[in-house]
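Structure at a glance
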Amino acid sequence: MFELKKVGFIGTGVMGAPMAEHLLKAGLALNVYTRTKERAQALISLGAKWCDTPKECAADCDVVISIVGYPNDVREVWLDRHHGAFLGMKEGAIGLDMTTSSPDLAVELYETARLKGLNMADCPVTGGDIGARNATLTMLFGGDYDVFRSLEPLFKILGKKAVYFGKAGMGQMAKACNQVAIATTMFSVCEAIVFAKGMGLDPALAIETLNGGAAGSFSMQSYGPRILKKDFAPGFKIAHFLKDMEIALKVCNDRGISLPGLDLAHKAYGMLKEMGKGELGTQALYLFYSSAMMPDFVPNDDTVDGAPLEQQGVSESADQSEAQEFKPLEPVVLQLK
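What counts and how
Residues numbered from 1 in each chain as written. Predicted model: local features only at pLDDT ≥ 70, side-chain atom pairs only at ≥ 80, totals over all residues. Heavy atoms only, no water. Helix = DSSP H or I, 4+ residues; strand = E, 2+ residues; numbered from the N terminus. Buried < 20%, exposed > 50% of the residue type's maximum accessible area, 1.4 Å probe, protein only. Contact = heavy atoms within 4.5 Å. Areas by Shrake-Rupley, 256 points an atom, 1.4 Å probe, with all protein chains shown as cover. Pairing = 2+ DSSP bridges. Arc of directions from axis to C-beta. Polar contact = N/O pair within 3.5 Å; in protein donor to acceptor, adjacent residues only side chain to side chain. Axes fitted to C-alpha atoms, helices over the stretch in contact; angles between N-to-C directions. 1 Å grid on protein atoms, 1.4 Å probe; cavity = no way out; pocket = protein on both sides within 12 Å on 5 of 7 lines; lining within 4 Å. Points joined across faces, edges and corners; volume = space filled by probe spheres on them. Nonpolar A, V, L, I, M, F, W, Y, C, P; charged D, E, K, R; others polar. Phe/Tyr/Trp six-rings, centres within 6.5 Å; stacked < 30°, edge-to-face > 60°.

1. Considerations on the overall build of the chain
In terms of regular secondary structure, the chain is built from 14 helices and eleven strands. Looking at the 337 residues of the chain, the share that counts as buried comes to 48%. In the chain, the proportion of contacts linking residues at least 24 apart, taken out of those at least 6 apart, comes to 65%. Of the roughly 16,600 Å² of accessible surface on the chain, 53% is carried by carbon and sulfur atoms.

Okay, structure coming up:
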């Protein structure tokens, strides 16, 4: 019978660090590995054991989790000939890649693990940095059903929902579907804010009100207020989101599917990365509307995080200073129930 006592955790970034902390606070023994030891220092101070390699991190663990940046990183931490996690796992242990990665790589890892007498599954998550911190993630699982059920105690620590999507690789397919939806949703949030400002509405009031109706979404609720505060710090980096969209686009290309909205989002975020914005959060798509790319309709924002847009690598429209300034009326909200 599977018993969860010790976990190896590979990757302590924006998502991984709070997830690993939840496991520690739940009373599990935790090995931890990440490329930069300083990023794991907070976990080490809470009782996690530092390991110098993925192989060492996996030693004597019941479950080994990875949540790293790119598919190449996933391949390296699991399959490296000298230091890969598979080399350190005990018989019957479960490997769980929670990175948003390639479905084909997920299948490759599953098959490699089976040959070694190990279990492997793909289980990317959705819910962002907020979900990671609050343990409200949704986990999208691909692999053997009995492994999925064995991991229920782990899932309860990390999130609010775990969904079984089928065989290896299908968790990654589900996450690609999620990213397709998010790609165009962020456009709608940014454009709603641009429209609200341009028409003289109170944008904060508009976002709060719209989020209670059919226009509401996770992106509007979580990122709308950040945009209004000019907070473009990454919960999820543009560079990583581009990687996710490229995974989805490859799946589409392989299967002859055309998704124009996804393609448009990929191009827009690609432009922002070329402008040096790849390390900002995905809500920085708003900057796309504050640049010369949209010269006829831009919000009256002349700074980002206290710095002029020019210093952020974004140029303003020459006509912006001549735009009419609207002053919204004082809002009245009646709470009827």
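2. Topic: the sheet that holds strand β4 (residues 63–66)
Strand pairing in a sheet relies on backbone hydrogen bonds, with the paired strands running either antiparallel or parallel. Read across the sheet, six strands follow the order β3-β2-β1-β4-β5-β6 without closing on themselves; strand pairing throughout is parallel. Among the strands making up the open sheet, the edge pair consists of β3 (49–50) and β6 (119–122). Sheet analysis places strand β1 (residues 6–10) next to strand β2 (residues 29–33), joined by five bridges and oriented parallel. In the sheet register, G8 faces β2, and the bridge partner there is N31.

3. What to know about helix α11 (residues 203–210)
Within the span of α11, buried status applies to P203, A206 and I207. Taken down its axis, α11 places every buried residue within 95 degrees of arc, on the same side. Summarising the geometry of α11, the exposed residues directed more than 90 degrees from the buried face are E208 and T209. If you follow the buried residues of α11, they end up packed against α10 (170–198) and α12 (218–228). Capping of α11 at its N-terminal end is provided by D202; its side-chain oxygen lies 3.0 Å from the backbone amide nitrogen of A204.

4. Examining the sheet that holds strand β7 (residues 125–126)
Spatially, the three strands line up as an open sheet ordered β7-β8-β9, and their pairing is mixed. Looking at the sheet topology across the chains shown, the edges are occupied by β7 and β9 (159–164). Here five bridges tie strand β8 (residues 137–141) to β9, and the two strands are oriented parallel to one another. Bridged to M139 within β9 is A162. Across the face of the sheet, α10 comes into contact with β7 and β8 while running at roughly 130 degrees to β8.

5. Points about the layout of surface pockets
Roughly 1,000 Å³ of volume is contained in the largest pocket. Mapped by element, the contributors of at least two residues to the lining of the largest pocket are α4 (71–79), β7, α10, α12 and α13 (238–255). Per-element tally for the lining of the largest pocket: the top contributor is α10, with seven residues. Of the residues contributing to the lining of the largest pocket, the split by class is 17 nonpolar, 20 polar and seven charged.

6. Remarks on the packing of aromatic side chains
Tallied over the full model, the rule gives 13 aromatic pairs. For the ring pair F148 and F155, a centre distance of 5.7 Å and an interplane angle of 45 degrees mean the geometry is tilted. Take F148 and F155: they sit in the same class, and that class is buried. Judged by centre distance (5.4 Å) and plane angle (50 degrees), the rings of F148 and Y164 are tilted. Of this pair, F148 sits in helix α8 (residues 145–150) while Y164 is found in strand β9, placing the two residues 16 residues apart along the sequence. Relative accessible area serves as the criterion here: at 11%, F148 is assigned to the buried category. Here Y164 falls in the partly exposed class, since its relative accessible area comes to 31%.

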